[in-house]
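Secondary and tertiary structure notes
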Amino acid sequence: MFELGLEGKIAIVTGGSDGLGRATAERLAGEGASVVICARRADHLRRAAKDISSQTGREVLGVRADVSVASDIDELIRVTVDRYGGVDILVNNAGKSSAAGLEETDDAEWQADFDLKVMGAVRACRQVIPIMRGRGGGAIVNATIIGGKAPPGKALPTTVSRAAGINLTKSLANEYAVDAIRVNTVCIGLLKSEQWVRRAGNKDPEELYRELSKQVPLGRVGEAEEYADLVTFLVSDRAAYITGVAVNVDGGLSSTV
Ligand SMILES: NC(=O)c1ccc[n+]([C@@H]2O[C@H](COP(=O)([O-])OP(=O)(O)OC[C@H]3O[C@@H](n4cnc5c(N)ncnc54)[C@H](OP(=O)(O)O)[C@@H]3O)[C@@H](O)[C@H]2O)c1
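Basis of the calculations
- Residues numbered from 1 in each chain as written.
- Predicted model: local features only at pLDDT ≥ 70, side-chain atom pairs only at ≥ 80, totals over all residues.
- Heavy atoms only, no water.
- Helix = DSSP H or I, 4+ residues; strand = E, 2+ residues; numbered from the N terminus.
- Expected span 1.5 Å × (residues − 1).
- Buried < 20%, exposed > 50% of the residue type's maximum accessible area, 1.4 Å probe, protein only.
- Arc of directions from axis to C-beta.
- Contact = heavy atoms within 4.5 Å.
- Salt bridge = Lys/Arg side-chain N within 4 Å of Asp/Glu carboxyl O.

Here helix α3 (residues 70–84) is 15 residues long and its end C-alpha atoms lie 21 Å apart, about the 21 Å a rise of 1.5 Å per residue gives. Restricting attention to buried positions, one finds in α3 the residues Asp72, Ile73, Leu76, Ile77, Thr80 and Tyr84. Seen end-on, α3 carries its buried residues on one side only, within an arc spanning 135°. Here the buried face of α3 lies against β1 (10–14), β2 (34–39), β3 (60–64) and α4 (107–134). Within two residues after α3, Gly85 carries a phi angle of roughly 90°, on the positive side.

The structure is reproduced here in structure tokens:
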């Protein structure tokens, strides 16, 4: 018996209406957690929450929030605590690709990426950590990318924001281990999600995945559920001795461990 101990836990998954976040919300709800998801598009979010709820038989709450806006994060946490009485798990998953060369990126793009990927996680952690401490502990997972450890060229500003996310993870893991709050990061390579479907445009996304697969040692693009499995493990009781780690989920694509 491999009991994850997630029954009755209260979890927030940002960017939970699509792709990797949605797969994670499905896993956590399937394991008996009360799950709150947020995203910017309210109607799409509402439909996703309803669908996950009917698939898993658990209530899933959708709260419209843009994680790059401080007041939206305040509201997300407030609504979660009002509805469920606390927060045990936070998955800082919301994000989007922002990769170009230095001379092609202006200050506004750098600031927007930093607000989304760094300040979004900083603000959400600052809000939930006192709540977790009051409940005797908690678990946080920050989504980052393998390029945060080993950046290729022309992948700015995202590799810099993600390096900050990896550093933030270790820093918070060190600061809050004393409160039994674990903080880990999952470094993503290439995983199937709506962002690739959008990029494929009119083409079949499977064609794009076949093309991308050529870069990956394991010979395929990963499934959203493979990310969800790892995140679910990391926030579970089975990972109680794991904090401050950065785990690649990339089929071997990263040049670093
Ligand atoms: N899939 C990959 O291969 C890959 C590679 C590298 C990194 N990642 C990272 O993995 C995470 C999940 O990406 P994904 O591939 O699952 O993307 P996706 O399929 O596009 O899903 C993104 C989700 O995040 C939400 N979102 C986007 N911006 C947001 C914001 N400012 N505030 C709140 N919610 C927001 C979206 O909903 P709304 O649009 O309605 O807000 C959606 O629910 C992101 O951090 C992404 O950068 C993924």
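Right, let's get into the pattern of salt bridges. A complete count under the given rule lists 19 salt bridges for this structure. Between Lys192 and Glu223 there is a salt bridge, with its nearest N and O atoms 3.1 Å apart. Here Lys192, found in the loop between β8 (181–188) and α6 (194–200), pairs with Glu223, found in the loop between α7 (205–213) and α8 (224–234); they are 31 residues apart in sequence, far enough to count as distant. With a relative accessible area of 30%, Glu223 lands in the partly exposed category. Glu226 serves as the salt-bridge partner of Arg220, at 2.8 Å between the closest nitrogen and oxygen. By relative accessible area, Arg220 is classed as partly exposed at 40%. Judged by its relative accessible area of 31%, Glu226 falls in the partly exposed class.

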